[in-house]
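Given next are the chains, with one letter for each unit.
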Amino acid sequence: MTNTPSSSAMSATLAAPAAGGPWGLFGRRKSASKPPEETDAKRVQFNSRLLPYLFLAPQMAIIFVFFYWPSVQAIHSSFYLEDPFGFGSTFVGLANYTDVLKSGEYLGIARFTAVFTALVTFFSLAIGLLLAVKADGVIRGNATYKTLLIWVYAIAPPVAGLMGMMMFDQHIGPLVKFAAFFGWDLKVGLNYNDTAFAMIVVSVWKQIPYNFIFFLSGLQGIPVSVREAALMDCRSGFRRFWTVILPLLAPTAFFLLIINTTYALFDTFGVIDVMVKDKAANNPITLVYKVYMDGFRGNDLGGSSAQSVILMIIVFVLTIFQFRFIERRVHYN
Amino acid sequence: MHRTKLFDHVILMMGVFFMVGPLLVALMTSSHEAADIHRNGLQILPGGHFIDTYTTVLTKQGGFTGKITGLRMMMNSLILGIGFAAGKIILSMLAAYALVYFRFRFATITFWMIFTTLLLPLEVRILPSYEVMNTLKLTNTYTGLIVPLLASATGTFYFRQFFKSIPDELLEAARIDGAGPFKFFIDVIVPLSKTMIAAIFIIMFVYGWNQYLWPTLMTTDESFFTLVRGIKQILLVWVGSNIPDYNEAFALAILAMVPPVMIVMIFQRWFIKGLTESDK
């Protein structure tokens, strides 16, 4: 991939979503030779010593108090063992970390989180893409489908979880009856795997509209001339999709991959909290839920903080990895 | 050719069924009586108790939570949604304006300090954030509910991107006319950003309305519960009772989703524009 101006312009038009958001920043930085701060600068600017700080003050104040202070606090308390009754704390070095990482329970939850994240990301991307391609293809009813398919975006994860509880309810749930028809005795809330299945279904359901919106706007950004050329070159619709459309959607897909991973790791908290109904003991939970449980139910400040820091590192590494390695393989041109 | 189109419609209809079906069932079921639902399962046709159920949920004190009515929860949700959206827009427009239109010494470091907030979501630092709120005595206040959620820079990046696309000539012209930074901001930047402000307002309102984890931690006093926060209470009732009030549970769930869904539907165009051109 070359960093010519034309390639970056191409990527900017094709990857409208990716170039617009904060993530696009990286893309921009990669394709432009200068760091963003310098390229951002307007040719003409105001010169004032005080004013910029005045404008930035509210945002910076909030970031300091509610972002940097708690983050530093988390790192700090991850090295201490706090007395549960609040009588001081002792420095224990890395003990909190080793305790967490040695715990079989924690590793089990980590494994589940990885599987859960992978499945939710895969299915919500795949179904979102399928629906977007079909909605882009049909002419009649296009707008209606679009409107109906994006509704669910506006629903809060715990409300989605509640809907799931209803569909999977032992007494009244239609999906339980449907599964029973195939001889599957679906027991959500009692059986570990069944609960995991229901959580994944609900989390995917909640996330499909988001992916649908982005894939559809990505598809509509592909110029008609490109489609027509592809149509002339290749009769097979499937192959045309695979070799022409999909590579052109790669920037959108890449952007969505990050968003969906973050969603599955963090935003599904509401779904899980509602679906395990406070009985987390033999139900599947994710790492974020574990941080919450240990911190607020177990009163284990040190352990919970150590887990927070581990999560911070995971998010950090994931972001860096995605930008360094995956984006390189995405075809922008 | 014709056959493939038909197949496309079939897939889309299945998608619509999967996405919208549960919502329809919830709406219909909420208009039946609890005993009826318990006997006959979920309903797909409207029952005769729509008004009763919703009146009960909205006005009866202690329907689920002991002290407060659905109406009060709805008001709290609105306060959170609107407060969050408005706060986010004001903060981020000001910060983005400073970053784009001013030359100052610590610009680079400020930029990166703001950028870092995008990497770590609130969920990974919940306990320490809670401790900070406790220290500041902000639990069970609207300030504590709204302000910490503002500590992420998504909006700032969105407006920064937009301001960069505004032609430089505007500023040159404004300066020739003798406009200072304040005048330029109020008379040029704000009017130009109108559509963007609307789009970001919709997205942020939905985001604020739908917050769950943070309100769960911050509010133990029921008079501060939002509708989404109240979902948890619905379930606790649900688990314990003999014939659960399914109808009221669904009614409350419907109330919790109607305002954001309506906003997304009505302002669909702005919403999609805001979403695809910014980021959540």
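These figures come from a predicted structure and were not determined experimentally.

Participant: Mind showing me how you'd approach the confidence of the model for chain A here?
Facilitator: As a general rule, the predicted coordinates of low-pLDDT regions are not to be interpreted in detail. All names here are of chain A. Confidence in the prediction of chain A, expressed as mean pLDDT, is 76, and 80% of residues score 70 or more. Confidence, expressed as mean pLDDT per element, reaches its minimum in chain A at helix H1 (residues 5-14) with 33 and its maximum at helix H7 (residues 104-137) with 90. Predicted confidence is poor over residues 1-39, with pLDDT under 50, and the contacts of this stretch with residues over four places away or in other chains come to 68 contacts.

Participant: Teacher, can you tell me more about the pattern of salt bridges here?
Facilitator: Close approach of charged atoms allows side chains with opposite charge to pair. In the structure shown here, the tally under the stated rule is 5 salt bridges over all chains. One connected set of salt bridges, linked through shared partners, spans A:Glu105, A:Lys290 and A:Asp294.

Participant: How should I be thinking about the interface of chain B and chain A in this particular structure?
Facilitator: It is common to report an interface's size as the accessible area lost on association of the parts. Tallying the contact residues gives 115 residues for chain B and 101 residues for chain A. When the two sides are added together, the surface that chain B and chain A hide from each other amounts to roughly 10600 Å², 76% of it contributed by carbon and sulfur. Considering only the side of chain B, the residues that lose the most area to chain A are B:Leu12, B:Met19 and B:Leu127, jointly responsible for 7% of the buried surface there. Scanning the region where chain B abuts chain A turns up 1 salt bridge. We note a salt bridge from A:Lys134 to B:Asp8, for which the minimum N-O separation is 3.2 Å. Run the count over chain B and chain A and you get 10 residue pairs in polar contact (both at pLDDT 80 or more).

Participant: Looking at this structure, how should I read H7(A)?
Facilitator: Since the α-helix turns once every 3.6 residues, residues separated by three or four places project in the same direction. Under the 1.5 Å per step criterion, the end-to-end length of H7(A) is 49 Å for 34 residues, consistent within 8% with the ideal 50 Å. Two to three positions downstream of the cap, the backbone nitrogen of A:Glu105 sits 3.3 Å from a side-chain oxygen, assigning the N-cap of H7(A) to A:Ser103.

Participant: Would you take a moment to explain the environment of B:Trp270 for this structure?
Facilitator: Residues and elements named next belong to chain B. Counting through the fold element by element, Trp270 comes out in helix H15 (residues 268-277). Expressed as a C-alpha distance, the spacing of Trp270 and Ile203, which sit 67 residues apart in the sequence, is 9.3 Å. Beyond its immediate stretch of four places on either side in the chain, Trp270 contacts Thr195, Ala198, Ala199 and Ile202.

Participant: Please clarify how the packing of aromatic side chains should be interpreted in this entry.
Facilitator: Two aromatic rings, taken as a pair, are described by how far apart their centres are and by the angle between their planes. Evaluation of the coordinates by the stated rule reveals 33 aromatic pairs over all chains. Their ring planes at 55° and their centres at 5.1 Å tell us that A:Tyr153 and B:Phe271 sit as a pair that is tilted. In this pair, A:Tyr153 sits in the loop between helix H8 (142-150) and helix H9 (157-167) while B:Phe271 sits in helix H15, so the two residues belong to two different chains. The burial state of A:Tyr153 is the same as that of B:Phe271; both residues are buried. Clustering of aromatic rings is evident, with ring pairs tying together A:Phe55, B:Tyr97, B:Tyr101, B:Phe102, B:Tyr158, B:Phe159, B:Phe162, B:Phe163, B:Phe182, B:Phe184 and B:Phe185. One residue, A:Lys206, lies across the ring of A:Tyr153, its end atom 5.4 Å from the ring centre.

About the thresholds
- Residues numbered from 1 in each chain as written.
- Chains lettered and ligands numbered in written order.
- Predicted model: local features only at pLDDT ≥ 70, side-chain atom pairs only at ≥ 80, totals over all residues.
- Heavy atoms only, no water.
- pLDDT = per-residue confidence, 0-100.
- Helix = DSSP H or I, 4+ residues; strand = E, 2+ residues; numbered from the N terminus.
- Contact = heavy atoms within 4.5 Å.
- Salt bridge = Lys/Arg side-chain N within 4 Å of Asp/Glu carboxyl O.
- Buried area = accessible area lost by both parts, 1.4 Å probe.
- Polar contact = N/O pair within 3.5 Å; in protein donor to acceptor, adjacent residues only side chain to side chain.
- Expected span 1.5 Å × (residues − 1).
- Phe/Tyr/Trp six-rings, centres within 6.5 Å; stacked < 30°, edge-to-face > 60°.
- Buried < 20%, exposed > 50% of the residue type's maximum accessible area, 1.4 Å probe, protein only.
- Lys NZ or Arg CZ within 6 Å of the ring centre and 35° of its normal.

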